[in-house]
Amino acid sequence: MDRASKALGATHQTSNDEKKRKERSQSISKRTDKKKEPCKTHRIEKVESSVDLHAKHFFWTDSTIVYHWLSSSPSRWKTFVTNRVSEIQQITANGIWAHVPGLENPADVISRGMPPNDLKDFAPWWNGPDWLRQPSRFWPSLTCRMDENFPSDQLEERSVVLPALVRQTNELFSLYSSFTKLTRIVALILRFRFNSNPVNRTERRTGFLTTEELAGSTEQLVKIAQEERFSQDIADVIRDGQVKKNSRLKTLAPRFANGILRVGGRLKNATVPFNQRHPMILPDKHPLTERILNFYHLNNLHAGPQLITAAVRERFWPLRLRDLARQVVHSCIRCFRCKPEVMEQLMGELPSERVTPTLPFFRSGVDYCWPFYCRSIRKGAPIKCYVAIFVCMVTKAVHVECVADLSTSSFIAALRRFVGRRGKPQLIECDNALNFRGAKRELDELVRLFGSQHHQHLVISSCAEDGIAFKFIPPRSPNFGELWEAAVKSLKKHLRSTLGNIVLTQDEFLTLLIQAEACLNSRPLTQMTSDPNDLEVLTPGHFLVHRSLIAVPEPSLAEVPINRLDRYQQTQEYLRRFWKQ
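The following refers to the structure shown. None of the values given here were measured: they were computed from a predicted structure.

**Here we look at the overall build of the protein**
Step number 1: Summing up its helical and strand segments, the protein has 24 helices and 12 strands in all.
Step number 2: Each of the 581 residues in the protein was classed as buried or not, and the buried ones make up 38%.
Step number 3: Carbon together with sulfur atoms contributes 54% to the accessible area of the protein, which is approximately 36100 Å² in total.

**A closer look at the packing of helix 13 (residues 287–299) against helix 15 (residues 321–331)**
Step number 1: Remark: helix 13 packs on helix 15, axes separated minimally by 10 Å, with the N-to-C direction vectors making an angle of 60°. Here helix 13 and helix 15 pass one another in a crossing that is right-handed. Contacts from Thr289, Leu293, Asn294 and His297 of helix 13 reach helix 15 at Leu321, Leu324, Ala325, Val328 and Val329.
Step number 2: Looking at side-chain class alone, the contact of helix 13 with helix 15 contains six nonpolar, three polar and no charged residues.

**So, the nonpolar core**
Step number 1: Counting residues in hydrophobic clusters, the biggest one holds 29 residues, and the most contacted among them are Cys369, Phe372, Val387, Ile389, Leu491, Phe509 and Leu512.
Step number 2: Put simply, the parts of the chain that give this core at least two residues each are strand 7 (363–375), strand 8 (383–392), strand 9 (398–403), helix 21 (482–499), helix 22 (506–520) and helix 24 (567–580).
Step number 3: The element best represented in this core is helix 21, accounting for seven residues.
Step number 4: Those residues in contact with cysteine 369 that sit more than four places away from it in its chain are Tyr386, Val387, Ile389, Val488, Leu491 and Lys492.
Step number 5: In terms of nonpolar packing, the next biggest core, distinct from the first, is built from 28 residues, Val186, Ala225, Ile260 and Leu307 among them.

**Comments concerning unusual backbone geometry**
Step number 1: Positioned with a positive phi, leucine 301 is a non-glycine residue whose angle comes to about 55°.
Step number 2: In this structure, arginine 320 takes a positive phi of about 55° despite not being glycine.
Step number 3: Following the sequence through the fold, arginine 320 ends up in the loop between strand 6 (316–318) and helix 15.

**Brief notes about the environment of tryptophan 131**
Step number 1: In this fold, tryptophan 131 is placed in the loop between helix 7 (123–127) and helix 8 (152–155).
Step number 2: Classification of tryptophan 131 by relative accessible area gives buried; the value is 12%.
Step number 3: For tryptophan 131 and glutamate 104, which are 27 residues apart along the polypeptide, the C-alpha to C-alpha distance reads 9.7 Å.
Step number 4: Those residues within four positions of tryptophan 131 in sequence are excluded, and the remaining contacts are Trp60, Val100, Glu104, Phe138, Trp139 and Pro140.

Reading the values: rules and limits
Residue indices follow the written sequence of each chain, beginning from 1 at its first position. This being a predicted model, a pLDDT of at least 70 is required before a residue's local features are given, and a value of 80 or more before pairs of side-chain atoms are given or counted; all residues contribute to the totals for chains, interfaces and linings. With hydrogens and water excluded, all non-hydrogen atoms of the structure serve as input to the side-chain values. Put simply, DSSP H or I for four residues or longer makes a helix, DSSP E for two residues or longer makes a strand, and each gets a number counted from the N terminus. Relative accessibility under 20% of the residue-type maximum defines a buried residue, over 50% an exposed one, and the middle range a partly exposed one, all with a 1.4 Å probe and only protein chains included. A 1.4 Å probe and the Shrake-Rupley method give the accessible areas. Residues count as covered only by the protein chains that appear here. To get an axis, a line is fitted to the C-alpha atoms, and for a helix only the part in contact is used. The angle between two axes follows their N-to-C directions and goes from 0 to 180 degrees. The sense of a crossing depends on the near helix, which, turned anticlockwise from the far helix by less than a right angle, makes the crossing left-handed and, turned clockwise, makes it right-handed. The contact criterion used throughout is that any non-hydrogen atoms of two residues lie within 4.5 Å. In this classification, the charged set is Asp, Glu, Lys and Arg, the nonpolar set is Ala, Val, Leu, Ile, Met, Phe, Trp, Tyr, Cys and Pro, and all remaining amino acids, among them Gly, are polar. In this text, buried Ala, Val, Leu, Ile, Met, Phe, Trp, Tyr and Cys residues form a nonpolar core when linked through side-chain atoms within 4.5 Å.

Below you can see the structure in the form of structure tokens.
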């Protein structure tokens, strides 16, 4: 019984607590409901409910700025004013707002204050203005002071930013996606215009397009692009000799020469070509710039961003070139398909041969490429051949030799050719045979060759007679041979993407290898800078011949079917594809 009474008392107490809690929650909900009610002018509702009159509503204000606010669209003002003006306009949608002078406004007494003795004799407070009891034609004009011009900051008006007027891109740039075809079409148009002039009747231009005509068509395209994007800068340079301080071209110190905006800089007296001293400025977001970068990307066998930047800046200076070059490489489908996944791993310390300055190829490394196929005659059966790659361990210069087979005599012969062309090295390093364990079937012969004690003895003794130290790197030490492995990777990647299943003759294959060697020796060694005063980028070719080794440019034959090209043109087309890769 005691337990029951206690439980009953606890239940009764719990029910009382629940009632108090419910009452408290209801009171809180009522308070919150009152807070959630929208803000309204209850005075209007009270007047309407107390006076049963159906008439127009007139609202008066003595502030001219408020009158401007209420007479215009709320979107014209800043956010704080917009919210309140829109709410007032919504509540007083059926009324008319008008302006009353401040001295005649009875509500002005509330804000200014007035002693009670003066207030009892102040008629406008008790009766309103005298003109309010007269017909509406005697009221103050509804357009009172609307013609007054207030500053934008007093009205709290939104600042309207007008978009910059950009000229539409010329339809000429959308006709062709190839820069080569675009320049040739423009060159033919300029030739037609030249030949149509009666003055030039005796000097008519015929035959193939000349280099001068193609250069003139390129300059004409650059003029059109600059007029579309840099019209204001061109006008400033012509008028004042320089661009404005807020111009994007301020750091380039542009100059106007022959109708083209060029980079100024301090290389006026440098002994380099004019286009390299003062390259033509190109806008970053323009179809012409995109086509030029694609042209250099394809013409240099699908070069990377560094090589594209180095090649383009010898003639042009596009804004944001590094970003554009990365975009071109990233959007290339061929490059994307041929790009392998690179495994990142922590490499060992660099050997002393890599960090000691010496002459080119004084300390070198050698490696073989997997077999290629070529023909001794044009219609002969394909035979295997290999490529030996010699890499300078200091300058990263590359020397390529074609090897007939995997014999010791062929390797020594390739080594003799390398010494005869590049000079006698002090040290040559090579992969150890154990590094090839687990290799594919194509490398079995190479494993047997490098793993043969007879082969190692003949090679080392042959090099010792010439004073060359030949040694094999330690087993399972890829960091010792990463330099020539990277060169092999680059050559294999580009040749595989360029040739595919095509079989060339020995002469054509050797020509392509030598030109590919020039491409590899033209890659930048250092980071490209954005300073227009820099001459050119440092490449391995500068250590060999004191200049870049980029092959002689040939016209693009991408649009011509391969069966319509002769053997030399086919080889040059394969070289263009190599640069493209």
